[in-house]
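# What the coordinates show
In case you want the letters, here they are:
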Amino acid sequence: MNLRSAWDGWVDSAVRPRVAIVRFLPVAGSRIIGAIVAANLVAGALPVAFVVATSVVIGRVPAAVDGGLGSPAWDSLVLAFVLAALAFLASQALAPVLVALNAALRRRVDGHLRDQIFELTARTTSIAPLEDAEVLDELAETSRQFDNDWHTPGQAAGGMLALVARYSSLVAFCALLSASASWWSGPVVLGATMVFRYGNRGGLRKYSRVWRTVMPASRSYDYLRELAMGEVAAKETRVFGLDDWLGGRYTDTHWKVFGPVAAARRRIYSYPYLGYTAFGVLVASVVVVDTGLAAASGEISLTALALALQATTAAIALGGYYPEADTGSQFGMRAVEALTRLRERIENYEATERAIARPVRTDVDVTRLPSTSLRLADVAFAYPGSERVVLDGLELEIPAGRSTAIVGVNGAGKTTLVKLLTRLYEPIRGAILADGVDIAELDPVAWRRQVSVIFQDFVRLELSAADNIALGAVHAPRDEDALWEAARRAGIAEALEDLPAGLDTPLARAYEGGIDLSGGQWQRIAIARSLYAVAHGARVLVLDEPTSALDVRAEVAFFDRFVELTRGVTSILVSHRFSSVRRADHVVVIEHGKVVEQGSHAELTAADGTYARLFRLQAERFAQGLDAEGEHPDYADPDAVVDLAEVAE
Ligand code: ADP
């Protein structure tokens, strides 16, 4: 490695992160920063005062012993002792003040950066960055420190300001050393301390970098821990007897993370660390011997000897490794570096979005869209980084104000189509037109208000029932009547009325007074959320397999009811159960990324194609289920539930 690249590497790894941290300091406000700098200056001066005073005490001992109690020498010794004690007391009293000030600094800096992470992850129109493993690595590295509230950038900021104390003490000790012993001893000890410090700090820097290389394994480790100890997999873990398997995987992954880290620690902290320490001790010894000889020959006084010895050891110690402060600073800086890289990656995605973005049309009243139709014109799409073309020149006209069912086997691209419709991804070819206007030319936020979607994996918020429904139209003030109306239409009002705190009951048992809902009840809550959105202006309602937790008969009953409930709304029902969607005005069959059949249920059945075949297959099973049971539709024979993926095979 040549000198130039070594220098660049040092600037990149040591200087830039510090500059980045310093740039965040203004967030804490000048009063806090001013107070911390002042407190650190005092904290740096007090040990120096202590060393000076105790050296004077030592220097006065022979004269005080000779003069005895009450002699001027004795009195001056006592005075110096009192000053040393005061310096010591003051530094003890200052410590908690500094802790409190640093805590305030840390809260502000970390709060600011946490907001930035939050803003960054929500910034792109598309959700592609959050499916990018490298983005997720950066996110894990930066947010980990915040999640643990440990070794955060705020702590690094405090550590940076603490250098004021450390280096002001160091310079003062070295100046005292030069003044009390030989002139060269101060600069020599200063230089040796900096080399010693570089050894310690540089080692820590290298060590912290190893974490970056194990980040993918580390994410997997976090995941397995959550799986092993969290509630999500608790049922499967027990029922399938996965505890040993999970324990084994957890241990293996542990070593994938901590094995390289431990090896790096041994490599970095063994010989180099000892080498730098030996160097520091050697230089200090030379200075100590030289000073001792000078004192022995009477060239310097006892006070000067005491001062020089204390200043040397105190100065060298300042180059040491301070586990709490240094580790906190180093990992806090790494978190900021990861945040910087995260920002760059997100900005790259933004730049790509901007490059394909069209100017937003201001001549269109988005709130009226769509009034006549939604049209997918030659839409093609492949997921970023994937070769597979999911949608391949798809042509589809969805009439406004009517119900359209989109059916197709699992993996046919139905959810992908919904993602394009809501602009979570942009098509790679073709366009989606609302009343002839390309939705790519609309403000995504405004367009998304027009579309209310219940995704298959819709979010179950650990909040009140009211919040769970009202978040369908977060822009509108809470409307109690509309909440009940949506709940009633979704068929969940009765269940909610019985709850202890009605709509304000938390929908999670983990909270006081909270309750757990069944899968089917959750789906009804999600449907209520969507209906609430429609009541507040959304014009397109998309249900992406919202009834997968219901059995076939309940699903049929639901779709029948839903089509009635949403008359006049543009509704899109996505399902892989062909037998469920027959009430829709229009049925569209998707296969291999294209529309292969479409028409009314009657037309498609008459055409005797894919739809007719799969409908018959499912209806047969469905009928068998009915005959066998002949009871309430909510309790269908599980065998009657036919997954189309199986049927298609
Ligand atoms: P459907 O809803 O019809 O069951 P999807 O639209 O979910 O099908 O998926 C269509 C295809 O796209 C599948 O092959 C699936 O594996 C793939 N796919 C879905 N999501 C992603 C993603 N985020 N990244 C890459 N491929 C994906």
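As a reminder, the structure under discussion sits directly above these lines.
Here goes a summary of the coordinates provided. (Residues numbered from 1 in each chain as written. Predicted model: local features only at pLDDT ≥ 70, side-chain atom pairs only at ≥ 80, totals over all residues. Heavy atoms only, no water.)

We now examine unusual backbone geometry. For residues other than glycine, phi is negative in most cases, and the peptide bonds are mostly trans. That bond from Leu369 to Pro370 is cis: its omega, -15°, falls within 30 degrees of zero. Following the sequence through the fold, Pro370 ends up in the loop between α12 (323-356) and β1 (373-382). For Asp378, which is not glycine, the phi dihedral falls at a positive 50°. Here Asp378 shows up in strand β1. The class of Asp378 is partly exposed, set by a relative accessible area of 30%. Of note in the backbone geometry, Asp435 takes a positive phi value of approximately 50° without being a glycine. Within the secondary structure, Asp435 sits in the loop between β4 (429-434) and β5 (437-438). (Helix = DSSP H or I, 4+ residues; strand = E, 2+ residues; numbered from the N terminus. Buried < 20%, exposed > 50% of the residue type's maximum accessible area, 1.4 Å probe, protein only.)

Turning to its location among the elements, Glu138 is positioned in helix α4 (residues 133-148). Residue Glu138 is classed as buried on the basis of its relative accessible area, which comes to 0%. Polar side-chain contacts of Glu138 include one of 3.0 Å to the side chain of Arg212. The residues contacting Glu138, other than those within four sequence positions of it, are Arg212, Ala338, Arg341, Leu342 and Arg345. (Polar contact = N/O pair within 3.5 Å; in protein donor to acceptor, adjacent residues only side chain to side chain. Contact = heavy atoms within 4.5 Å.)

Once that is clear, we can look at the sheet that holds β4. Ordered in space as β2-β1-β4-β5, the four strands form an open sheet in which the pairing is antiparallel. Here the strands that pair on one side only, and so sit at the sheet edges, are β2 (389-399) and β5. Where β4 meets β5, two bridges bridge the pair, whose relative direction is antiparallel. If you follow Leu433 over to β5, its bridge partner there is Asp438. (Pairing = 2+ DSSP bridges.)

Turning our attention to the nonpolar core. Ranked by size, the top nonpolar core spans 47 residues in total, and within it Ile469, Leu496 and Tyr611 carry the most contacts. Here this core gets seven residues from one element, more than from any other, and that element is helix α18 (residues 519-535). Inspection of this core shows a minimum of three residues originating in each of domain 2 (368-450 + 539-648) and domain 3 (462-535). Judged by nonpolar contacts, the second largest core, of 34 residues, contains Val390, Leu391, Leu424 and Trp447. (Core = buried A, V, L, I, M, F, W, Y, C linked by side-chain atoms within 4.5 Å. Domains from an automatic or database assignment.)

Here we come to the side chain of Arg205. Within the secondary structure, Arg205 sits in helix α6 (residues 185-213). For the buried Arg205, no salt bridge exists, and the shortest N-O distance to an oppositely charged side chain is 8.2 Å, to Glu337. Setting aside residues up to four positions removed in sequence, Arg205 forms contacts with Trp10, Ser13, Ala14, Arg18, Tyr198 and Gln330. (Lys, Arg positive; Asp, Glu negative; His and termini not counted. Salt bridge = Lys/Arg side-chain N within 4 Å of Asp/Glu carboxyl O.)

For α4, spanning 16 residues, the distance from its first C-alpha to its last is 22 Å, which sits close to the expected 22 Å at 1.5 Å a residue. Helix geometry: α4 is bent most strongly at Thr142, by close to 30°. Contacts from the buried residues of α4 go to α3 (72-121), α5 (153-180), α6, α7 (215-229) and α12. Asp149 lies just past α4 and shows a positive phi near 50°. (Expected span 1.5 Å × (residues − 1). Bend = angle between axes of the 7 residues up to and from the residue.)

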